[in-house]
Structure formats: structure tokens, C-alpha cells
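Spelled out, the chains give:
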Amino acid sequence: MLVRPAVWSALRRELAEFLLPQRCVACGAFGAALHPDCVERLELADGSRCPRCWGLHPAEPSPMPMCPRCTRRPVLGLEARRAAFRFDGVARRAILEAKFRGVTALFPPLAQASARAVPAAWEVDSVVPVPLHAARRRERGFDQGALIAAHVAETLGVPVRRELIELVRRTRPQASLGRADRTLNVAGAFGPRRGHGAPPARALLVDDVVTTGETLEAAAGALRAAGVERVFALALAVED
Ligand SMILES: [Zn+2]
Ligand SMILES: [Zn+2]
């Protein structure tokens, strides 16, 4: 019987998780990938931030409701975004371990805690992961966006609607690119899918880390084209 390498790597990971007791990424003690108490001690992305892009404001208190960049930009797809943690220290290590070392047990505690950063006033009625290319999912053995979306949706008590949009062409990793190239890299990368039920009114896009937000903007545009009225976004962490 032929077993594909991706299947082997998934099996190996599951066997390792079964045989090796889990060690907390924050405190190092055994018992969980990330203890509930340790999640509470991660550095939050709070403080003085733009209510639209969640970027840090200048240090001095400002009466300005949005940052200068957002004030100049019209709302095209995405109305506003939030992130629960700063992409730094333990939160950064936890996300990297989850995404690149396959410690998927880290996603539930991170996603559940992140759901608290979603303002109730958004009244989101569905959660949509940023689509991942099938080849990358096969390489990795899992789809981190789908895992995060499932736990955020469960915490918020709304359904996941991943059938609304799809990746039309493969993109390069955004982290390897400058700002102008990031915009080009994801322009037109996502598209609406046909043949699903009535689109939701207020969707929440989720991703692992937000840096400049081009990926979320591009995916939000596709959700609007799919008929969603208002699109918001949540990331586990923001890179300041
Ligand atoms: Zn711990
Ligand atoms: Zn802003």
C-alpha cells in the first residue's frame, strides 16, 4: 500500500502527541500545550490603538478616532480588525510552534482567548477563515485558518462559512515581501464561490497573524463580492 508523505507526517505528529506528554509553551510544566492560566498572562494587543486597523497610535493621547492612514482610506472591503495578542514573546513562540512545528493543540486556547477581542457591537453572524492553498495544507498536514476559525466560531456561537470564498491562485508567503509587493501578491488572489446558500450579513474573517493587513483586505473584497454586507477581521496576534 502506498501512503503519501503528507499522511505519514500527520500520522507521526499524532503518534508523538499521543506518546509524549505535552509541555506548556509558556511555563514549561507538563499537562497542556498552553495552560488556561498561562493564556491569561500573554501580552495583550491593547493600549492606544486605531479602532479600524488596530495599529498603535503615537504615544501621546490623541483625540483622533482613527490613525492618519485609515482616515485617508475609504472602506473598500474590510471595516475594522482586531488582534488579541502582540506577536512577541510567548504569544509569538506559541503561534510559530503551532503553525510550523504542528503543535495544533495550541490553536484552541489561543483562538478561544482571541475571540474575546471581537467587539460585541460588530454583531458578527459567521466566521470565515482566510483560504489556504491546497498544496500548502498538504505540506503542513493541517489548515491553521480553519482550525482557528472553528474555535473562534464555537466561542462566539456562530457558524463557520468557509464555502463563501476560495483562493483563485497561489500566493507567496507575505512575510517574505515588502509592503508594495504584499499588495500585488494578494491582489485578485481570492474570489467568491458560487452555489452556496444565502450569504451572511456580518462576517468575521480570521487569520493567525496580521502585519500590514493586505491579505485580510483582499479576502474581505472577495467576501463582499460573495454578497456579505459587512466584513470584520480577527487575528490571533498583531505585529506592531
Ligand atoms: Zn503553563
Ligand atoms: Zn488605522
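Structure: see above.
Residues numbered from 1 in each chain as written. Chains lettered and ligands numbered in written order. Predicted model: local features only at pLDDT ≥ 70, side-chain atom pairs only at ≥ 80, totals over all residues. Heavy atoms only, no water.

> Just to check I follow, could you spell out the nonpolar core for this structure?
If you look at soluble globular proteins, the nonpolar side chains tend to sit buried side by side. Leu-34, Phe-85, Leu-110, Val-152 and Leu-204 are the most contacted members of the largest nonpolar core, which totals 38 residues. Among the elements of the structure, α2 (36–40), β1 (78–86), α4 (89–100), α5 (107–114), α7 (144–156), β5 (202–210) and β6 (230–238) are those that each provide at least two residues to this core. Those residues in contact with Phe-85, other than ones at most four positions away along the chain, are Val-39, Leu-42, Glu-43, Leu-44, Ala-45, Ala-91, Leu-110, Ala-113, Ser-114, Leu-236, Ala-237 and Val-238. The next biggest cluster of nonpolar side chains, apart from the first, holds 25 residues, and it includes Ala-83, Val-128, Ala-222 and Leu-223. (Core = buried A, V, L, I, M, F, W, Y, C linked by side-chain atoms within 4.5 Å. Buried < 20%, exposed > 50% of the residue type's maximum accessible area, 1.4 Å probe, protein only. Helix = DSSP H or I, 4+ residues; strand = E, 2+ residues; numbered from the N terminus. Contact = heavy atoms within 4.5 Å.)

> Looking at this structure, I do not really get α5. What am I missing?
At 3.6 residues per turn, the α-helix brings residues three or four places apart onto the same side. Across the eight residues that make up α5, a large majority, six, are buried. Listed as buried for α5 are Phe-107, Pro-109, Leu-110, Ala-111, Ala-113 and Ser-114. In the core, the buried residues of α5 are packed alongside α2, β1, α4, α7 and β6.

> What exactly am I supposed to notice about the environment of Glu-123 here?
Within the secondary structure layout, Glu-123 lies in the loop between α5 and β2 (126–129). It is 7.0 Å that separates the C-alpha atoms of Glu-123 and Arg-202, two residues lying 79 residues apart in sequence.

> I'm lost on the side chain of Ser-126 in this one. Help?
Tracing the sequence through the fold places Ser-126 in strand β2. The class for Ser-126 is buried, based on a relative accessible area of 1%. Among the polar contacts listed, one links the side chain of Ser-126 to the side chain of Asp-125, at a separation of 3.3 Å. If sequence neighbours within four positions are ignored, Ser-126 has contacts with Val-158, Pro-159, Arg-161, Pro-200, Arg-202, Ala-203 and Leu-204. (Polar contact = N/O pair within 3.5 Å; in protein donor to acceptor, adjacent residues only side chain to side chain.)

> Is there a simple way to explain the side chain of Gln-144 in this structure?
Looking at the element boundaries, Gln-144 is found in helix α7. Look at Gln-144 and you get buried, because its relative accessible area is 7%.

> Got a minute to help me understand the sheet that holds β1 in this structure?
For sheets, the rule is that strands pair by backbone hydrogen bonds, running either parallel or antiparallel. Read from one edge of the open sheet, four strands run β1-β6-β5-β2, paired in parallel fashion. On the outer flanks of this sheet lie β1 and β2, each paired with one strand and no other. Geometrically, the sheet is characterised by an average inter-axis angle of 25° between neighbouring strands, direction not taken into account. In terms of strand pairing, β5 meets β6 through eight bridges, oriented parallel. In the sheet register, Val-210 faces β6, and the bridge partner there is Val-238. Against the sheet, helix α9 (residues 214–225) makes contact with β1, β2, β5 and β6, and its axis sits at roughly 160° relative to β5, the strand it touches most. (Pairing = 2+ DSSP bridges. Axes fitted to C-alpha atoms, helices over the stretch in contact; angles between N-to-C directions.)

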